[in-house]
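Below, each chain spelled out in residue letters.
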Amino acid sequence: MADLSHKKSSVGLQIQGSAIAMNLDVASSQAEENGFSDIASTSGIEEEFREILQQTSLKLVDDHLVEFSEALRTVAKALRRVAEGKAVAKAEAAEWKRKYELERAHNLQHKSKGQFEVAHYNPMNEKLQNSPNQPVMNGSYIEQTEKCCGKHGICSHEILWDEAPRSSTKLAQEMAEAKKASFKLCWGCNGEKSGQHKHEIVSFERGNITTAERSSKQILLKWESPPQTVLILTKPNSISVRTLCAEMVRWLKECKKIIVFVEPRVRTELLRESSYFNFVRTWKDDGEKKLLHTKIDLIITLGGDGTVLWAASMFRGPVPPLVSFSLGSLGFMTPFQSEQYRDYLDTILKGPISITLRHRLQCHVIREAAKDELDTEEPILVLNEVTIDRGISSFLTFLECYCDNSFVTCVQGDGLILSTTSGSTAYSLAAGGSMVHPQVPGILFTPICPHSLSFRPLILPEYVTLRVQVPFNSRGHAWASFDGKDRKQLAAGDALICSMAPWPVPTACQVDSTNDFLRSIHEGLHWNLRKSQSFDGPHDS
């Protein structure tokens, strides 16, 4: 078809050239009859005519090349969508296969023992009805479950039982000895219970919150068994924080009889101060660190928002409830004041407490040399945002963005921010994004200094998967940073995949989620703060 159109265009040019030549011959003959013959002028017109023909033919060739390149681009997008769909299907098949194998192994294990190992919790006497060594599952378990849900909304029916330690280390043995505190989440407005079933909102996997969705009402956390283990994370290089940490550790041990875990660095500092703190526990390597979520009942942070981000980054799976005390310069996620920490912790340890489920983004980097979409680097979880910028390059960032395999736009500018609603008051706000309540389900799509005045920020639903691709015709590389660290280079052909992580960060509220959010933007940002208008002036008659 392209050759046929090209031939038609050439024939048209020849016809137009013949007509113009005939007109030139008539004009020259008339000039000779009138006695105004000018040979040099006629030759100049013929040269201009040849140049016009040559330029027109080149333009037609360029137009055909542009159309051909656009067709190739469309084919490439279609092939990419097919590959992504195939990768998603493979991932789903692998996940179903994994669940099937786990269920099969679980059934075979119980069949060999001849009984099910499920521990029941009786809310009347707050004791386990069966022994860990000889647990029994009777036929009334399902009825008891439905009855519990009907009365209290959502609760964790499964309490952790003793398992064989996975590691021979001392920490693994200690974790196997103690049971994790159980809890339940109730939905209501200002503490009132909701009679609706929320199984589609929250699911429990061995006592851990694994939801990727939110409720539209306030969320309460009620302890079904008292917390026994607390992890304290502190802001480094601060004398006041170090002093408060030592005082808090002593109070938790002596007054509350709670097991305290700290970071290895903090334990060294405490032992340097006094040998009294020898009871404080810690971990030795990453293997023991990954087991913390199976033991820790509550996390306490002493610092600012950066300490909260550090606490969230330590847990790549389920995160225990987190209580943050304000000892930094900003306090969007640190509602508690350190001066009254005893009163606050007394209330929190007794419960119930209002919490905010702060969701995180799960990011994967796919290199251009990857065999398929499943060949990705280790996932990274962020609580605030992931930023893709141009780094040290002087060229504009050029990125192709897709949402659930649908093309969104091409970003040309300084970069792009993909933010959670908890991070809406951070870098996204400075780049022109809106402030969003942390309980609003969504992902913020905010450009950084775009090369277009009509490029406005977006808020996308939280269930979508975003893909940011560096095209092959990009003039420079891009750089991705995750919560301001772990910077990675993205070359031409590399892609960044972002979706909502299934493990939120449950943070305790001083009052409730909305009250704490409004207080933070008023006190932290001085939002809409201005002088009152003077009464001295004209009045309506």
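In the nomenclature of an unreviewed UniProt entry, the protein is known as NAD kinase protein of Dioscorea alata.

In this section: the overall build of the protein. Secondary structure assignment for the protein yields 11 helices and 25 strands. Evaluated residue by residue, the protein yields a buried proportion of 40% over its 541 residues. When contacts within the protein are restricted to residue pairs at least 6 apart in sequence, long-range pairs at least 24 apart make up 69% of them. For the protein, the exposed surface amounts to about 30,700 Å²; the carbon and sulfur share of it is 54%.

Orientation of helix H5 (residues 239-254) relative to helix H6 (residues 264-273), taken along the N-to-C sense of each, is 80 degrees, at an axis distance of 11 Å. Of the possible angle classes, the one that applies to H5 and H6 is roughly perpendicular. Residues Arg242, Cys245, Ala246 and Val249 of H5 form the contact with H6, whose participating residues are Val266, Glu269, Leu270 and Glu273. Residue composition of the contact of H5 with H6, by class: 5 nonpolar, no polar and 3 charged.

For the bond from Gly351 to Pro352, the omega torsion is -5 degrees, close enough to zero to count as cis. Along the polypeptide, Pro352 turns up in the loop between helix H9 (341-350) and strand E13 (353-358). Non-glycine residue Asn237 carries a positive phi angle of around 60 degrees. Structurally, Asn237 is set in the loop between strand E8 (229-234) and H5. Unusually for a residue other than glycine, Asp483 sits at a positive phi of about 55 degrees. Turning to its location among the elements, Asp483 is positioned in the loop between strand E22 (478-482) and strand E23 (485-490). Judged by relative accessible area, Asp483 falls into the buried class, the value being 14%.

What follows is about the packing of aromatic side chains. The relation between two aromatic rings is expressed through the spacing of the ring centres and the mutual angle of the planes. One pass over the structure, following the stated rule, counts 8 aromatic pairs. When the ring of Tyr276 is compared with that of Phe277, the centres are 5.3 Å apart and the planes differ by 80 degrees; the resulting orientation is edge-to-face. Tyr276 sits in the partly exposed class, given a relative accessible area of 30%. Residue classification places Phe277 among the buried positions, given a relative accessible area of 1%. Between Tyr402 and Phe407, the ring centres sit 5.6 Å apart and the planes meet at 65 degrees, which makes this aromatic pair edge-to-face. Of the residues examined, Phe407 reaches a relative accessible area of 33% and is grouped as partly exposed. Three or more aromatic residues joined by ring pairs form one cluster here, namely Tyr276, Phe277 and Phe279. The side chain of Arg250 reaches across the aromatic face of Tyr276, ending 4.4 Å from its centre.

On to the packing of H5 against H9, then. Orientation of H5 relative to H9, taken along the N-to-C sense of each, is 45 degrees, at an axis distance of 12 Å. In terms of their interaxial angle, H5 and H9 are classed as oblique. Crossing hand, H5 versus H9: right-handed. Contacts from Leu244, Glu247, Met248, Trp251 and Leu252 of H5 reach H9 at Tyr341, Arg342, Leu345 and Asp346. Taken together, the residues that form the contact of H5 with H9 break down as 6 nonpolar, no polar and 3 charged.

Now for the pattern of salt bridges. Per the stated rule, a full pass over the model turns up 12 salt bridges. Across the pair Glu263 and Arg265 runs a salt bridge whose closest N-O atoms are separated by 3.4 Å. Among the residues examined, Glu263 registers a relative accessible area of 8% and is labelled buried. A relative accessible area of 32% means that Arg265 is categorised as partly exposed. The salt bridge involving Arg390 is made with Asp414; its shortest N-O contact spans 3.5 Å. Linking Arg390 in the loop between strand E16 (385-389) and strand E17 (397-403) with Asp414 in strand E18 (residues 406-419), this pair joins segments that are 24 residues apart in sequence. A residue is classified by how much of its surface remains accessible, and Arg390, at 25% relative accessible area, is partly exposed. When salt bridges with common partners are traced through the structure, they connect Arg242, Glu263, Arg265 and Glu269 into a single cluster.

Right, let's talk about the nonpolar core for a bit. Core analysis: the biggest nonpolar cluster contains 37 residues, and Ile232, Met248, Leu252, Ile300, Leu302 and Phe325 have the highest contact counts within it. Broken down by element, the residue count for this core peaks at 8 residues, all from H5. Setting aside anything within four residues of it in sequence, one finds Phe325 in contact with Met248, Ile300, Thr301, Leu302, Gly303, Thr334, Phe336, Gln337, Ser338, Tyr341, Tyr344 and Leu345. Val382, Leu399, Leu418 and Val470 belong to the second-largest nonpolar core, a separate cluster that totals 28 residues.

Cut-offs applied
- Residues numbered from 1 in each chain as written.
- Predicted model: local features only at pLDDT ≥ 70, side-chain atom pairs only at ≥ 80, totals over all residues.
- Heavy atoms only, no water.
- Helix = DSSP H or I, 4+ residues; strand = E, 2+ residues; numbered from the N terminus.
- Buried < 20%, exposed > 50% of the residue type's maximum accessible area, 1.4 Å probe, protein only.
- Contact = heavy atoms within 4.5 Å.
- Areas by Shrake-Rupley, 256 points an atom, 1.4 Å probe, with all protein chains shown as cover.
- Axes fitted to C-alpha atoms, helices over the stretch in contact; angles between N-to-C directions.
- Parallel < 35°, antiparallel > 145°, perpendicular 65-115°, else oblique.
- Nonpolar A, V, L, I, M, F, W, Y, C, P; charged D, E, K, R; others polar.
- Phe/Tyr/Trp six-rings, centres within 6.5 Å; stacked < 30°, edge-to-face > 60°.
- Lys NZ or Arg CZ within 6 Å of the ring centre and 35° of its normal.
- Left-handed = near helix turned anticlockwise from the far one by under 90°.
- Salt bridge = Lys/Arg side-chain N within 4 Å of Asp/Glu carboxyl O.
- Core = buried A, V, L, I, M, F, W, Y, C linked by side-chain atoms within 4.5 Å.

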